[in-house]
Amino acid sequence: MAAPLFAFDFASPAMLGWLAAAVAPLLIHLWSRRRYRQMSWAAMEYLLAAVRNSRRRMLLEHWLLLAIRTMLVILVVIAVAEPFLERIGFGLAPGQQTHRVIVLDGSFSMDYHPTDKSRFERAKELAAEIVGESPQGDGFTLVLLSNPPRIVVGRPVFEASDFLAELEALALPHTTADVLSTVGKVQEVLTAAEREYPRLGRREVYFLTDLGRVGWAPEAGDKLSLSDLRERLAKLADRAQIFIIDLGQDGAENLAITGLRTNESFATVGKNVNLVAEIKNFGRQSRQQTVEFLVDGRRISQQRVDLSPAAATAVSFDYRFESPGDHAIEARLSGDALEVDNHRWVAVPVQSAVRALVVDGRPSGTPLGGAADFLFYALAPQPGGPAKATVYPEKIPDGRFLEQDLARYDCVFLANVAQFTPSEARVFDAYLRSGGSLVFFLGDRVVADRYNRELAGSERGAVRILPARLETIVDAPQSGRQSLDPLDYRHPIIEPFRGREKAGLLTTPVAKYFELQIPAGSKAKVALAVSGGGPLIVEEPIHRGRVILVATSADVTWTSMPVWPSFVPIVQEILAFAVRGRWDQRNLRVGQPLGGSVPATSDDGLTVKRPDGRSEQLRFTAEADWSGWSFSDTNLSGIYEVRLGTSQGPLQLFAANVDPQESDLARVSPEELRQEIWSNIPFGYHTSWDSVDRPPVAHFARGSPVAKALLYAVLVLLFVETYCAWRFGHAGS
């Protein structure tokens, strides 16, 4: 084996041009020499004789000072050029400076523990090896492959310690992998580095991943995403050499809780809530597991389940809440090699009762004579009246609408209200931003033009609240009254009627209704239609709330629906769907932002506590009648606590859960990746850093930084120059 040799290279070779400044001391010396005209003077003959004796010594001293000063300039220039030593195996060859982009897979499947270390921990170790064994002068950046991807170290770092500190602090998020967007982030990093560090002439990109199929293989039939991915990869391959270091294992077994849901739309004190946990076996072996249910951290139930290979099962339990407020429910499995998906949470806001406000657009002094009377009793049909009901409705005439504090109500029903003012429209808008819901029943007093102008966003600056515009009134003849079309029972409001034809929904006669026009591109959905195909019930999420528009009346002036057996169930389903939005806002997917609102008059702070215990203070976004807040750092699964004001202030709970697709540990094989997904994209496939093809130099080792040594030498020479100047001057005197 040949003995290693050493060679110099420079991180900033352009700085060597300043070596020309080394002649400055010599030029100054020559410039300062003066010509003298010699004159004979008898008294000076004796002095000249003495000078001739010391002239040789003085010349030596001057040349020594000149050499020291010139060397000072040379050493400073070379130090700024950042020289370093490279050890090479055969011959003398300087290393090529390389920009290495390290991409760590941040999908939660990387938390799988095939040994005592997870795949993610192993990836971090390999990243540290890449940095530690690279030559001095190479630059390193770090990108996290997640959804969304994140640039951890954006500008190339040249000191290993700086990069390793960022790497050590990096925690695994509980997200999936978005390869397409991550490749875009890598392109951004390369573009910025090429502009700022042109000396990094070689570029390499390392993907440290488990090659999980969920992230690396676009969904079947999604040709557009696959085409976009190949296009971006082709551009990346033109700029950099790509390496994939595979950290996955074939045949990995995994159990996961893929869902935790409730069949209820709201929870009230003293009412049983049924919760269902869905468990799936993603492995090829039969498994037995214990499922535990916890409420506010206290175990209240456990069940044993048997799971066949690739099978799923559901486990349910009932729980009665005895106190109002927010509660956290957790379902969990005993541990396996992937712990992240063994837990699932749901945040449950429990109320004393659901409060609904019913606004009557045509009050009447006779029983069931008003526009909202049937609606009022349909909301609380239990014996004993509203006082004993789970839903507590209050009815007011439309003239008293602005006197109410809408924040007290979960849902507001408006029956045959003639028109609304701009100020009332702004109140609706603020209510929807706070998470409330609106249900409009139309009728003969409704002025369509005013609805469209104030609530449908027809005028510049007007709010948009209605999911559809009101057009003309359809008046069916007495002999041809419209029946209803459930649209295959696709919508949650109508789905409970599937198989219950005796409820009379389909035979409900409708004599009059407003024709509704849904704006193009809106998120509005038709829940129920008339037999001719026109929408009868349309709903759309608006801000943080939901608006439901019923094109006919809530009394018997336009339809017989209020006296039909299906009326009470459909009103109950409308209410349940409307208020469920608040429940859904508390239970999100990892990565989705949390949000809410408080009254605009509130000046208390807001604190969010993450599942890892870290807290963060938030600021409000102030508007006219409300203040909103948002929190996007939700990359961990678990319960997020949001508290307004002091430690004794109101507490809201939010649950963030992982995407169950990532629990499937099936992998993309190297052959499939090369031939199908990354076809015609050149890349190197490896299972460790040691097997990666290195640049054409036999062996590299990071040398000690020469620049620091040169700067120390400059410091020493400064002292030497000062001493010599003083010593020679003192001796000359």
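Reading the values: the criteria
- Residues numbered from 1 in each chain as written.
- Predicted model: local features only at pLDDT ≥ 70, side-chain atom pairs only at ≥ 80, totals over all residues.
- Heavy atoms only, no water.
- Patch = residues over 30% accessible without salt bridge, like charges linked within 9 Å, V, L, I, M, F, W, Y side chains within 5 Å.
- Areas by Shrake-Rupley, 256 points an atom, 1.4 Å probe, with all protein chains shown as cover.
- Salt bridge = Lys/Arg side-chain N within 4 Å of Asp/Glu carboxyl O.
- Helix = DSSP H or I, 4+ residues; strand = E, 2+ residues; numbered from the N terminus.
- Buried < 20%, exposed > 50% of the residue type's maximum accessible area, 1.4 Å probe, protein only.
- Contact = heavy atoms within 4.5 Å.
- Core = buried A, V, L, I, M, F, W, Y, C linked by side-chain atoms within 4.5 Å.
- Pairing = 2+ DSSP bridges.
- Axes fitted to C-alpha atoms, helices over the stretch in contact; angles between N-to-C directions.
- Parallel < 35°, antiparallel > 145°, perpendicular 65-115°, else oblique.
- Nonpolar A, V, L, I, M, F, W, Y, C, P; charged D, E, K, R; others polar.

A. Just a nonpolar patch on the surface, in detail. On the surface, Tyr-712, Leu-715, Leu-718 and Phe-719 cluster together into a nonpolar patch covering about 470 Å² of accessible area. Mapping Leu-715 onto the fold places it in helix H13 (residues 706-732).

B. Highlighting the environment of Glu-471. Residue placement: Glu-471 occurs in strand E20 (residues 469-475). Taking the relative accessible area as the measure of exposure, Glu-471 reaches 28% and is therefore partly exposed. Spatially, the C-alpha atom of Glu-471 lies 10.0 Å from that of Tyr-513, the residues being 42 residues apart in sequence. Setting aside its immediate chain neighbours within four residues, Glu-471 contacts Ala-448, Phe-514, Glu-515 and Gln-517.

C. Focus on the nonpolar core. Counting residues in each nonpolar core, the largest one holds 78 residues, and the members touching the most others are Phe-413, Leu-438, Phe-440, Tyr-451 and Leu-470. Contacts of Tyr-451, omitting those with residues within four sequence positions, involve Val-417, Ala-418, Gln-419, Phe-420, Phe-440, Leu-442, Val-446, Ala-456, Leu-466 and Leu-470. In terms of nonpolar packing, the next biggest core, distinct from the first, is built from 28 residues, Leu-190, Val-205, Ala-217 and Leu-673 among them.

D. Looking closely at the sheet that holds strand E19 (residues 437-441). Within the open sheet, the eight strands sit side by side as E17-E16-E18-E19-E25-E24-E23-E21. Their pairing is mixed. Since the sheet does not close on itself, it has two edges, and those belong to strand E17 (391-397) and strand E21 (484-485), each with one partner. In this structure, E21 lies alongside strand E23 (residues 525-530), joined through two bridges in antiparallel fashion. Paired with Leu-484 across the strands is Val-530, a residue of E23. On top of the sheet, helix H9 (residues 422-433) reaches strand E18 (411-415), E19, strand E24 (535-542) and strand E25 (545-550); it is set at about 130 degrees to E19, its chief contact.

E. Highlighting the packing of helix H3 (residues 119-132) against helix H4 (residues 160-169). Here H3 crosses H4 at 175 degrees, and the two axes come no closer than 10 Å. Classified by the angle between their axes, H3 and H4 sit roughly antiparallel to one another. Side by side, H3 and H4 meet where Lys-124, Ala-127, Ala-128 and Val-131 of the first sit next to Ala-160, Phe-163, Leu-164, Leu-167 and Glu-168 of the second. Class assignment of the residues belonging to the contact of H3 with H4 gives a composition of seven nonpolar, no polar and two charged.

F. Representation of unusual backbone geometry. Note that the residue after Asn-147, namely Pro-148, is joined by a cis bond; omega there is 5 degrees. For Leu-211, which is not glycine, the phi torsion reads 55 degrees and is therefore positive. A residue is classified by how much of its surface remains accessible, and Leu-211, at 0% relative accessible area, is buried. One non-glycine residue with positive phi stands out, namely Asn-680, at about 65 degrees.

G. Layout of the environment of Val-720. With respect to the secondary-structure elements, Val-720 resides in helix H13. On the basis of relative accessible area, Val-720 is assigned to the partly exposed category, the value being 32%. In the structure, Val-720 is positioned 652 residues away from Ile-68 in sequence and 8.1 Å away in space, judged by C-alpha atoms.

H. Highlighting the sheet that holds strand E15 (residues 343-351). Spatial strand order, E9-E15-E14-E11-E12: five strands in an open sheet with mixed pairing. The open sheet has two edge strands, strand E9 (267-268) and strand E12 (298-307), and neither has a second partner.

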